[in-house]
Protein chains: 2
Amino acid sequence: MAVTAQNAEVVIDPRGESTRTRILDSAEYLFSEHGVNGASLRTVVAHAGVNTAAVHYHFGSKKGLLEAVFARRTITIAEERLNLLEECREGEGRPPLLQQIISAFLEPGMRDATFARLRARMAADASDETRALMARYFDHSSGQFLLALAEALPHLPPRDLHWRFHFMLGTMVYTMANPRRIQALTNNACDPSDMEASLDYLVPFLAQGFEAAPIPNAPTNIEPMLKIDRSKPHEEG
Amino acid sequence: MAVTAQNAEVVIDPRGESTRTRILDSAEYLFSEHGVNGASLRTVVAHAGVNTAAVHYHFGSKKGLLEAVFARRTITIAEERLNLLEECREGEGRPPLLQQIISAFLEPGMRDATFARLRARMAADASDETRALMARYFDHSSGQFLLALAEALPHLPPRDLHWRFHFMLGTMVYTMANPRRIQALTNNACDPSDMEASLDYLVPFLAQGFEAAPIPNAPTNIEPMLKIDRSKPHEEG
DNA sequence: TTTCAGCTTAAACAAACGCTTGATTGAGTC
DNA sequence: GACTCAATCAAGCGTTTGTTTAAGCTGAAA
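Residues numbered from 1 in each chain as written. Chains lettered and ligands numbered in written order. Predicted model: local features only at pLDDT ≥ 70, side-chain atom pairs only at ≥ 80, totals over all residues. Heavy atoms only, no water.

S.K.: Please clarify how the pattern of salt bridges should be interpreted in this entry.
M.R.: Note that side chains of opposite charge can pair when their charged atoms are close. The final tally for this structure, using the stated rule, is 26 salt bridges over all chains. Here B:Arg72 makes a salt bridge to B:Asp25, at a shortest N to O gap of 3.0 Å. A residue pair is termed long-range when its members are at least 10 positions apart, and B:Arg72 in helix α4 (residues 62-90) and B:Asp25 in helix α1 (residues 16-34) qualify at 47 residues. Of the residues examined, B:Arg72 reaches a relative accessible area of 26% and is grouped as partly exposed. With relative accessibility at 39%, the residue B:Asp25 sits in the partly exposed group. Three or more residues are tied together by salt bridges with common partners; here these are A:Asp25, A:Glu28, A:Arg72, A:Arg73 and A:Asp112. (Salt bridge = Lys/Arg side-chain N within 4 Å of Asp/Glu carboxyl O. Helix = DSSP H or I, 4+ residues; strand = E, 2+ residues; numbered from the N terminus. Buried < 20%, exposed > 50% of the residue type's maximum accessible area, 1.4 Å probe, protein only.)

Written out as structure tokens, the structure is:
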């Protein structure tokens, strides 16, 4: 617990640390609200109440700041995903239920609506750099969940499984990105910023989709293999 | 008919029209590749081989250029959607099949991969302006498809229907936006730029999801109504 | 008290941004 | 042949971008 503002300015280094986290908080908010290109460093430092050079002192560059924003939330998301997946396995029946796996994958990433929106923006920005950044932090847990899903759906060919995993990412990202659009479309009846309610509708929808029959005709060539089981969750850069 | 340049440069005004469409083509490509903020007017005019002032002469501003890019493709997409929906109704059984409706909704928007990517980018950019632009061009056809879906799924409460329609938009947009990510995840086995193959996997997945049982507990209040049936597909601005 | 690294500051840098200007071109009209 | 006018051009407008500089401040160690 910490006290703030007028009195004590929290625990550790009251100067450096508060500036750092204030920059991170402001950047996370403004990047998610206006996009990384759309939010300038000057608006970030104005929002954080710090100097322009502080960004470059602490993070080196705007790109470094983005990676720091991303890393701060992503590492815990990936950890919580794997923890929840572990709980699924320990639960009642040995092969975990499909809905449990899906929920374990989605829930940690949807708790924080602000960061979720930033992720959605970055997912839409298909540049090589951004894709590499996201892959670096998410590929491991994605691979683990592909394994778990394959276990829960043993009859499903890997090709179909991969497509449907991709579709699941899409619904998740879009729901995170666009709370307002569905609200407008439904006269404010559906509120995706209520993440719990979103999951109530999203998880059964996805589970049902995953359980659809495989697509019969293989148009071109043979099925691919799963590409997974790299031991390190991510590596610093 | 007019003749120009070396031989014949096609039909109408050989000066104005080719410049206009060259700007539109370059802007569509560069906006979709680097984002609207990420692609400057200077790179657009350099790619198009025209002068900077030509953009402002023909489109007024960068925002006007974006809207022109958007309008050119969107109007035909909305038309083709409604045509395909009409064909669904005329087909065999009177109540059109769920998969037919979904396919009619998705297919026209996924033919052009470049513009599809731009749409995905704009969908992730949740600014009021962008959302208003997309709503202006798409709300009518979306409303019609919500009606058709409600007809095909008479047992499904509107609330569930709206959520699932939202999820459908998500998978569509994400699949359009991120061809490379699923390719990397599956060792190039899944290629979303092959739109026909994408649809083969996407439509049954979504149809199955739509047919899931309704979510039982209504957490807060009463179901909303459908908000549709505005006669004009869009109005110029 | 002096020293010194850690951190913050105001000010400025070159480059890139969207947009405007005034002159120039060339086909159509009288 | 003079005139009109949409269309294009080179050049530059003022502003904002990410980044750097050099000086100043602060709190703890010596």
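S.K.: Help me understand the nonpolar core in this model?
M.R.: If you look at soluble globular proteins, the nonpolar side chains tend to sit buried side by side. Membership of the largest hydrophobic core comes to 84 residues, with the highest contact counts inside it found for A:Leu106 and B:Leu106. Sequence-distant contacts of B:Leu106, that is, excluding residues within four places in its chain, are made with B:Met168, B:Met172, B:Leu199, B:Leu202, B:Val203 and B:Leu206. (Core = buried A, V, L, I, M, F, W, Y, C linked by side-chain atoms within 4.5 Å. Contact = heavy atoms within 4.5 Å.)

S.K.: Where do I start with the interface of chain B and chain A in this structure?
M.R.: When the parts of a complex come together, some accessible area is lost, and that lost area is often taken as the interface size. Of the residues lining the interface, 58 residues belong to chain B; the matching set on chain A comes to 58 residues. Buried area between chain B and chain A, summed over both chains or domains, comes out near 5600 Å², and the portion from carbon and sulfur atoms is 67%. Looking only at chain B, the three residues that lose the most surface to chain A are B:Trp163, B:Tyr201 and B:Phe205, adding up to 16% of its buried area. Linking chain B with chain A are two salt bridges, by the criterion used here. Across the chain B-chain A interface, the total number found is four residue pairs in polar contact (both at pLDDT 80 or more). When contributions to the side of chain B that touches chain A are tallied by element, the ones reaching two or more residues are α6 (113-124), α7 (128-152), α8 (158-177), α9 (179-185) and α10 (195-210) of chain B. For the side of chain B that touches chain A, the leading source of residues is α8(B), giving 15 residues. Here the side of chain B that touches chain A is composed, by residue class, of 30 nonpolar, 14 polar and 14 charged. (Buried area = accessible area lost by both parts, 1.4 Å probe. Polar contact = N/O pair within 3.5 Å; in protein donor to acceptor, adjacent residues only side chain to side chain. Nonpolar A, V, L, I, M, F, W, Y, C, P; charged D, E, K, R; others polar.)

S.K.: Any chance you could explain the confidence of the model for chain A here in plain terms?
M.R.: One rule of thumb: low pLDDT means the predicted coordinates there are not for detailed reading. All names here are of chain A. Residues of chain A with pLDDT of at least 70 account for 81%, and the chain-wide mean is 81. Mean pLDDT across the elements of chain A ranges from a minimum in helix α9 (residues 179-185), with 73, to a maximum in helix α5 (residues 98-110), with 94. Segment residues 1-14 is flagged for pLDDT under 50; beyond a separation of four residues in sequence, or across chains, it makes eight contacts in the model. In the predicted structure, residues 219-237 sits below a pLDDT of 50 and forms 29 contacts with residues beyond four places in sequence or in another chain. (pLDDT = per-residue confidence, 0-100.)

S.K.: I would appreciate a short explanation of helix α4 (residues 62-90) of chain A in the present structure.
M.R.: Helical geometry note: an α-helix holds 3.6 residues per turn, so side chains three or four residues apart project in the same direction. Residues and elements named next belong to chain A. In this model α4 runs 43 Å from its N-terminal to its C-terminal C-alpha over 29 residues, within 8% of the 42 Å that 1.5 Å per residue would give. Its maximal kink placed at Ala71, α4 deviates by approximately 30°. One side-chain oxygen of the residue at the start of α4 lies 3.4 Å from the amide nitrogen of Lys63, identifying that residue as Ser61. (Expected span 1.5 Å × (residues − 1). Bend = angle between axes of the 7 residues up to and from the residue.)

S.K.: Got a minute to help me understand the relation of the copies chain B and chain A in this structure?
M.R.: Here the two chain copies are tied together by a rotation about an axis and a shift along that axis. For the pair chain B and chain A, the superposition axis carries a translation of 0.0 Å, the fit reaches an RMSD of 0.0 Å, and the rotation angle comes to 180°. The relationship between the two copies is best expressed as a two-fold rotation axis. Taken as a fraction of all interface residues of chain B, those also at the interface in chain A reach 100%, which identifies the copy contact as same-surface. (Least-squares fit on C-alpha atoms with pLDDT ≥ 70 in both.)

S.K.: What am I meant to see in the layout of surface pockets here?
M.R.: It is a probe the size of a water molecule, rolled over the atoms, that shows where empty space is left. The calculated volume of the largest pocket comes to roughly 1300 Å³. Taken together, 41 residues make up the lining of the largest pocket; nearest its centre are A:Gly35, A:Asn37, A:Gly38, B:Asn37 and B:Gly38. Elements represented by at least two residues in the lining of the largest pocket include exactly α1 (16-34), α4, α6 (113-124) and α7 (128-152) of chain A together with α4, α6 and α7 of chain B. (1 Å grid on protein atoms, 1.4 Å probe; cavity = no way out; pocket = protein on both sides within 12 Å on 5 of 7 lines; lining within 4 Å. Points joined across faces, edges and corners; volume = space filled by probe spheres on them.)

S.K.: Explanation requested: the packing of helix α8 (residues 158-177) of chain A against helix α10 (residues 195-210) of chain A in the structure shown.
M.R.: To describe two helices that pack against each other, one gives the angle between their axes and the distance between the axes. Residue and element names in this part refer to chain A. Here α8 crosses α10 at 165°, and the two axes come no closer than 10 Å. When the axis of α8 is compared with that of α10, the two are roughly antiparallel. Viewed along their axes, α8 and α10 form a crossing whose handedness is right-handed. Residue-level inspection shows Leu161, Arg164, Phe165, Met168, Thr171, Met172 and Thr175 of α8 in contact with α10, the latter providing Ser198, Leu202, Leu206, Gly209 and Phe210. A breakdown of the residues in the contact of α8 with α10 according to their chemical character gives seven nonpolar, four polar and one charged. (Axes fitted to C-alpha atoms, helices over the stretch in contact; angles between N-to-C directions. Parallel < 35°, antiparallel > 145°, perpendicular 65-115°, else oblique. Left-handed = near helix turned anticlockwise from the far one by under 90°.)

S.K.: What is the right way to read the packing of aromatic side chains from this model?
M.R.: The geometry of two aromatic rings is summed up by the distance between their centres and the angle between their planes. This structure, assessed with the given rule, holds 18 aromatic pairs over all chains. Between A:Phe167 and B:Phe205 the ring centres are 5.2 Å apart and the planes differ by 50°, which places this aromatic pair in the tilted class. With A:Phe167 in helix α8 and B:Phe205 in helix α10, the pair connects residues from two separate chains. Taken together, the ring pairs connect A:Trp163, A:Phe167, A:Phe210, B:Tyr201 and B:Phe205 into an aromatic cluster. The ring of A:Phe105 carries A:Arg81 above its face, with NZ or CZ at 3.9 Å from the centroid. (Phe/Tyr/Trp six-rings, centres within 6.5 Å; stacked < 30°, edge-to-face > 60°. Lys NZ or Arg CZ within 6 Å of the ring centre and 35° of its normal.)

S.K.: Got a minute to help me understand the environment of A:Ile102 in this structure?
M.R.: Residues and elements named next belong to chain A. With respect to the helices and strands, the residue Ile102 is situated in helix α5. Under the relative-accessibility criterion, Ile102 is labelled buried at 1%. Considering only alpha carbons, one finds Ile102 and Leu202, 100 residues apart in sequence, at a separation of 9.3 Å.

S.K.: I would appreciate a short explanation of helix α3 (residues 52-59) of chain A in the present structure.
M.R.: Residue and element names in this part refer to chain A. Taken as a whole, α3 has its buried residues at Ala54, Val55 and Phe59. What you see down the axis of α3 is that its buried residues fit within an arc of 105°, all on one side. For α3, the N-terminal capping position is held by Asn51, with its side-chain oxygen 2.9 Å away from the main-chain nitrogen of Ala53. Within two residues after α3, Gly60 carries a phi angle of roughly 85°, on the positive side. (Arc of directions from axis to C-beta.)

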